[in-house]
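# Structural overview for review
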Amino acid sequence: LNTLKILHRNKLKDLTPLRNIENILIQECRRVRDFSMFHSDRQRSLRLFYCPYLTNLENFRMLRCVVISGCESLVDVSPLYGIYDLTLLSCSAVADISGLGNHHRLELSRLFNEVIGFDCLRHIPHVSLADFPIKDLSVLQYANSVNLYRCWNASDVSALKNVKKVFIRTKGLLTGLDELVEVPDLSLYLDSKQILNDNLISCLKNRRLTLATDLLQISS
């Protein structure tokens, strides 16, 4: 058995028999307090959803792909440093991400409202942020791809000019769009008040381009 999914509310208390399964998805293990068995060299992927007693991540270092979602007791995520593919979603007690870093892909969404430690995002090739309070995007300037969903505090996007693939969905007004004219793959889903006019459109040299806005003012 190399893949196992355990879904919905279940009565499991001991996950030890699962320790050598290569890919595991567990949802709503509300009785399990010990997750330390997930450390084997044979394991590649671990996805944990709504596990309220998950707090200690020390043994996850050997895993290649980790997804943690809706685990409200989780605070310290520094043991996940260096995980190749890491996703943290709706873990509202995570207030400091400075201990993260050295990932190939990192996705963060809906952590503590005033989360700190954005410097950990620097030099990560693929970054996806959603409902995230980042303001200064310069920490993302070395990325290969950047996805920003509803990051209302981020307005100046000029720091992303050297990123190969940029996706932005926001209701905030953006500045520095004229710096993104040579991003090879650019997707912008913008607020209805954001005006894209001839001055900007005529400068676009993107190989792939998606523009979604109510105020697309093109005269020719």
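Right, let's talk about the side chain of Glu28 for a bit. Examined against the element boundaries, Glu28 turns out to sit in the loop between β2 (23-27) and β3 (45-49). For Glu28, a relative accessible area of 14% corresponds to the buried category. For Glu28, the side chain forms a polar contact with the side chain of Arg30, separated by 3.3 Å.

This paragraph deals with empty space enclosed by the protein. Scanning the model with the defined rule gives two cavities of 30 Å³ or more in all. Reported here for the largest cavity is a volume of approximately 50 Å³. As for the largest cavity, its lining consists of Leu137, Leu148, Arg150, Cys151, Ala154, Val157, Ile168, Arg169, Thr170 and Leu174. In the lining of the largest cavity, the residues fall into seven nonpolar, one polar and two charged. Within this model, the second largest cavity holds a volume of roughly 30 Å³. Every residue lining the second largest cavity is listed: Leu177, Leu186, Leu188, Leu200, Leu204 and Leu211.

Thresholds, definitions, all that
- Numbers given for residues are sequential positions, taken from 1 along each chain in its written order.
- The predicted nature of this model means local features are confined to residues of pLDDT at least 70 and side-chain atom pairs, given and counted, to a pLDDT of 80 or more, with totals for whole chains, interfaces and linings taken over all residues.
- Hydrogens are left out, water is left out, and the side-chain values use all remaining heavy atoms of the structure.
- Each helix corresponds to a stretch of at least 4 residues labelled H or I by DSSP, and each strand to a stretch of at least 2 residues labelled E; elements are numbered beginning at the N terminus.
- Between buried and exposed lies partly exposed: a residue is buried under 20% and exposed over 50% of the maximum accessible area for its type, with that area taken using a 1.4 Å probe on protein chains only.
- Polar contact criterion, stated in full: a pair of N or O atoms within 3.5 Å, where within protein one must be able to donate a hydrogen and the other to accept it, and residues adjacent in sequence count only if both atoms are side-chain atoms.
- A pocket, in this scheme, is an open set of points on a 1 Å grid over the protein atoms alone with protein on both sides within 12 Å along at least 5 of 7 lines, while a cavity is a set where a 1.4 Å probe fits but cannot get out; residues line either one if an atom lies within 4 Å of a point.
- Grid points are joined across faces, edges and corners, and a volume is the space filled by probe spheres set on the points.
- Residue classes follow a fixed rule: Ala, Val, Leu, Ile, Met, Phe, Trp, Tyr, Cys and Pro count as nonpolar, while Asp, Glu, Lys and Arg count as charged, and any other residue, Gly among them, counts as polar.

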